[in-house]
Structure formats: C-alpha cells, structure tokens
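One-letter residues, chain by chain:
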Amino acid sequence: MEIKCPFRFLSLIFLFAGYFSTLGDSAYSIGINYGTVANNLPPPSQVAKFIKTQTTIDRVKIFDANPDILRAFANTGIAITVTVGNGDVPALAKLSGAQSWVANNILPFHPKTVINRIAVGNEILATSDKDLIAHLLPAMKSLHSALKLANVTSVQVSTPHSLGILAVNSDPPSSAQFRSGYDKVVFAPMLEYHRETKSPFMINPYPFFGYADSVSNYALFKPNGGVFDKVTGINYTNMFDAQMDAVFTAMKKLGFEDVDIVVAETGWPSAGDPNQPGVSLENALSYNGNLVKHVSSGKGTPLMPNRTFETYIFSLFNENLKPTISEQNYGLFKPDLTPVYDVGILRNDQALGPSSSVAQAPSSVGEAPSAVGEAPSAPPAFGQSPTAPSVVGQGPSSNVDQEKRWCVPKSNVSDEELQKNIDYVCSVKVDCKPIQSGGPCFEPNTIRSHASYAMNAYYLKFGPQDSNCDFNHTGVVTSTDPSYKTCTYPFHSVDSKLEKSAAEGGPAKLWTLVQIFIGAACYTISRF
C-alpha cells in the first residue's frame, strides 16, 4: 500500500528539516587567518591537508594571493579569501589594472580553488593615507567589474576595517557612529556598493585591545554584571557583542542596517612580554573558545538577533618573525601542526593541548567595563599571532557516567566563593526558588547546600559541557546523585551513541536520523 503523509505533517517536517539545515550552517561559521610571517611553517600542501582532514574549518583568509597556497587548496572545497596588498590598491582603481590582477591571481586557480572573496587591502582607513583611502572604493568597484567581465560571479569584493573607523564617543553601542568626515564621504558610498553587490562589510573587532583587569570577564566572555546601555535598555555581557552592535549602529544611522557583516579578524595572544596585561594561555583559550561557541550558536547579538556571523580567528599559526612576543603568539597551532590549545575545531579528539573551556562563573560580579572597548588605531596588519591559554575549568569527564551528570562544589571551596556562585547563578535567570525559604531545597540552610543546587541548575540550563561547571575551578561534574529527601536535582542525560554520531557525522548523519523519523511517522499515520 502506498504511504502518504498529510500536508500539515509534511509542513512540520520541512520546518524540522530547516532547523537541521540551520544547525549545519552554524557549525561552519568559523574560519581562520593563515598568516605566513615565519620561517618555520610547513608547506602549504601540508597545511591544506591538515585543515581539510583534521579540523572543521571550511574557510581560510590569507594576507596575499600566494599562488602556492591557492594551488594547495585546489579541490578541497575550502573557501579562500585572498588579499590585495595595500600598496597595490591605487593601480587597481583603473579597470585595466583590476583586469590584469584578476587574470593573474584569480583565473588560474578558480574554481578548482574556491576563492569566495577578495579583500582589498587591510585596514586602509587606519593608515590615514589619503591616496590609499581615495582609491579604495574605486579599486573595489573595478575588481568587481573585472570579475563580471571574466564571467566570475561567485567572488565577492570587500575590505577589512579596524574599529578605529568609529567615532571616539561610540560608547555605549547606541551612540556609535562612523568618524566625522568619513561617514558620508567614505562609508555611505561604500555601504551602498556593498548593498548593490550583496557583499559584506568586513570588520576586525579585538576585545584584547580593550582589555583591562577591571573588564577581564567582560572581554573574555566570562560571566559578569554587564554594561547597561540606557538608550536601548540592553545589558551587554561581553565586549565582542558591544563592538559588533556599535558597528551595526553606525551602519544603521546611515541607512545600511541590511548589509551583512563578516568578522575578518579577531583573536587573543597566548603569550607576551613580561607583565603585559591580559596575555596568557588561559585568556586566549577563554576568548577564542567562547567566541567559537558564541558566533556558532546563531544567537547573534542584542541588536542583530538570530544571526550566525562568518568569523575568522586570528590566527592559524604562531609566527616567529612578527616584531613582538604577543604578535608571535596568536596562533591556534604551532608550526609542527600540534595545537597550542583547542577551541573546538579539531576533528575526532585530535587535540594534544588543553580542551576548550567556555563560560566560567565569575570570581567577582558586576564590574562595569567600557561597553565597546578601545579599538587600536591600527591593529596588527596582515596577521598577528596569539598564544594559547591554560586549561580552564576541566571537570573530571573521563570517569563520569555518560548517562547522568550533576554539577556540585568541590570539597575544599570556601563559603565566600560559593556565595559568589549563588549570587551569579540567581542573577542570570536560573530558577533559584527551590533554595529560597519554603522551597524543597532550602533545608539544610547552608551556603554549600544552596550553592550545590544553584550550580547544578546553571550547568543544566546552559549546556552540559564540563566548562559550565567550572565556576573558577570551584565546581566538579559527578555521577553521584546529590538529591536528598524532598530536594530533587535535575540531571543531564546523555545518549553517548547519538551524541557521538551527531558530533562526527554532522548535518548529514543528523539528516539520516530525520529521514528515519519521517518514514516512521508517515508509516504510523498511514495506519489510521
């Protein structure tokens, strides 16, 4: 008998399928900047193979149009953004110069090598070079025309900007605007070009450059009291979102809020000069690890909700010929391809360094940092290098029951530290009623008992990664049920086989599960 599904059910199925396709998109929003200012890097062919087979990265940005690199990525399916050197920009303002550049740097490689974008210069506005600035948009337009004349329609043309393009008073985000003199003369016509060509506005946000001890949690995506924008009523809990929304606000004030935004560079050094503030393996891991989770979640920012931003971490390698120690240590990988630290982009648990850790609870809450952070007037051109952080918040995952997990305090943690955990958890919309007077978990009325319930509630709400039970090294994941009498602790239940399938198979295997579900559901409906 032929099995048919009712129309309404099919509609639900397509919505379900759309949800899974969204998961697929968000899983591949992370790219990498592949800088080569070093004398000890592996050959491009080895790099391309490594990225393709050992990581989940599906897009790479390079700081030139190196033919060896472009050849190495042929037939990998990895999208490449190539860069026009700043000094080459004026010559490309003429169509003939642009055609010659396309003929030499795009046509010999594309489409075997998937070149998806040309970045015209790097942070040209930050150079304050009037000649370069004057020729920037004409060069972008000429390259776009040259591509069209060559019947290449899949390559976008854009240019990356530092946050120095914003006016000094762009804090909080609602007050942001482009620098006076550049707004209508430079950015209005440039954004009009982006709208017409459906190309993105590329920015290089670096919370690292706005770092201070007083804003450390805010800069590193760690729990904090946030920064309140009185105009919008938004409480910003991380500097990255504030920087992104500041750029969006500046664009909106010119009427171009519909233009897409790509994060061309962002990162954090894992090593630096002695006493350089904010530079550590722990901070690099915290920033980049949380960044990956954040931009891949599809949550977007407060002013740009439900958006998955194409984001390029700076950078792939530590580059030993950079001028400062911190610039030499922005890489996720060492030149021998071993990880400095893992932010969650390695396949099949290849990481040799510490695993990524996200969202730890604060040691202090309610610090009030600057919402946008200080943007460098001319952030590192052509790739800096960060280093890796130390392990942050690893819970004992290897010996934990894969079926049921709870988060509880470590035995040697003080009541003062645990009270901070309670205060934080109950401030982020976690249900703390069970530990309030009259609640089923109020007794015993001790800080440790209340903290145990609150920390577990946070762990359950925000995701069962061990890092969400870290709480500045005060929490631990356990397989022993801490429930007692009338107080029941919710737990996270894991189907390890399904979880592994989803992680290793990605959208394709998830879609197989959907198809099985559809077939079974249709069969069941046909029985009635």
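An account of the accompanying structure is given in this report. Everything numeric in this text was worked out from a predicted model, so none of it was measured.

Further remarks concern the overall build of the chain. For the chain, the helix and strand inventory stands at 13 helices and 14 strands. Here the analysis covers contacts within the chain between residues at least 6 apart in sequence; of these, 76% occur between residues at least 24 apart. With an accessible surface of roughly 23200 Å², the chain has 54% of that area assigned to carbon and sulfur atoms.

With that settled, consider the nonpolar core. Residues V60, V82, W101, I118, L143, F187 and F201 are the most contacted members of the largest nonpolar core, which totals 105 residues. Setting aside residues no more than four positions away along its own chain, F187 makes contact with L125, H161, I165, F178, Y182, F201 and L254. One finds W406, V430, M455 and C469 within the second-largest nonpolar core, a separate group that totals 23 residues.

Next up on the list: helix α7 (residues 183-197). Here α7 spans 20 Å end to end across 15 residues, near enough to the 21 Å set by a 1.5 Å rise per residue. Of all the positions in α7, only V186, F187, A188, M190, L191, Y193 and H194 are classed as buried. Phi turns positive one or two residues past the end of α7, at K198, with a value near 55°.

This part covers helix α9 (residues 239-253). In a regular helix each residue adds 1.5 Å, so 15 residues correspond to 21 Å; α9 covers 21 Å between its end C-alpha atoms and thus fits that length. Burial within α9 is extensive, with 13 of its 15 residues counted as buried. At the N-terminal boundary of α9, the capping side chain belongs to N238, with an oxygen 3.2 Å from the backbone nitrogen of F240. Downstream of α9 by one or two residues, G255 has phi in the positive range, about 90°.

The element strand β12 (residues 404-409) is extensively covered by neighbouring structure, given that five of its six residues are classed as buried. For β12 and strand β13 (residues 475-478), the ladder comprises four bridges, and the chain directions are antiparallel. When the sheet's bridge partners are listed, W406 is paired in β13 with T478.

Here we take up the packing of helix α11 (residues 415-425) against helix α12 (residues 447-462). Where α11 contacts α12, the two axes come as close as 9 Å, and the packing angle between them is 40°. Classified by the angle between their axes, α11 and α12 sit oblique to one another. Considering how the two elements wind past one another, α11 and α12 form a crossing that is left-handed. The segment α11 lies against α12, with D415, L418, Q419, N421, I422, Y424 and V425 engaging I447, R448, H450, A451, A454, M455 and Y458. The residue inventory of the contact of α11 with α12, partitioned by class, reads nine nonpolar, three polar and two charged.

One side chain can pair with another of opposite charge once the charged atoms of both are near each other. What the rule picks out here adds up to ten salt bridges. Where R195 meets D258, a salt bridge forms, and the shortest distance between an N and an O atom there is 2.7 Å. With R195 in helix α7 and D258 in the loop between α9 and β10 (261-266), this residue pair connects regions lying 63 residues apart in the sequence.

A separate point is the state of the cysteines. Among covalent bonds in proteins, the disulfide is the one between the sulfur atoms of two cysteines. Summed over the entire model, instances satisfying the criterion amount to three disulfides. With a sulfur-sulfur separation of 2.0 Å, C426 is cross-linked through a disulfide to C432. Measuring handedness by torsion sign, the sulfur bridge of C426 and C432 sits at about -100° and is left-handed. Through a disulfide, C441 is tied to C487; the S-S separation comes to 1.9 Å. Looking down the S-S bond of the C441 and C487 bridge, the torsion is 95°, so its handedness is right-handed. One end of the pair, C441, is in the loop between α11 and α12; the other, C487, is in the loop between β13 and β14 (492-493), with 46 residues separating them in the sequence. Taken as a pair, C441 and C487 share a single burial class, namely buried.

For N288, the position within the fold is in helix α10 (residues 281-296). If we ignore the near neighbours within four places in the chain, the residues touching N288 are T266, G267, W268, I313, L332, Y341 and V343.

What follows deals with unusual backbone geometry. Each neighbour pair has its own omega, and for D171 with P172 the value is 10°, a cis peptide bond. Along the polypeptide, P172 turns up in the loop between β6 (160-162) and α7. Here the bond from F314 into S315 is cis, since omega is 5°, no more than 30 degrees from zero. Summarising the element assignment, S315 is placed in the loop between β11 (311-314) and β12.

Cut-offs used in this document
Residues numbered from 1 in each chain as written. Predicted model: local features only at pLDDT ≥ 70, side-chain atom pairs only at ≥ 80, totals over all residues. Heavy atoms only, no water. Helix = DSSP H or I, 4+ residues; strand = E, 2+ residues; numbered from the N terminus. Contact = heavy atoms within 4.5 Å. Areas by Shrake-Rupley, 256 points an atom, 1.4 Å probe, with all protein chains shown as cover. Core = buried A, V, L, I, M, F, W, Y, C linked by side-chain atoms within 4.5 Å. Buried < 20%, exposed > 50% of the residue type's maximum accessible area, 1.4 Å probe, protein only. Expected span 1.5 Å × (residues − 1). Polar contact = N/O pair within 3.5 Å; in protein donor to acceptor, adjacent residues only side chain to side chain. Pairing = 2+ DSSP bridges. Axes fitted to C-alpha atoms, helices over the stretch in contact; angles between N-to-C directions. Parallel < 35°, antiparallel > 145°, perpendicular 65-115°, else oblique. Left-handed = near helix turned anticlockwise from the far one by under 90°. Nonpolar A, V, L, I, M, F, W, Y, C, P; charged D, E, K, R; others polar. Salt bridge = Lys/Arg side-chain N within 4 Å of Asp/Glu carboxyl O. Disulfide = S-S within 2.5 Å.

Honestly, that's just the spatial picture; any functional story needs more than this.
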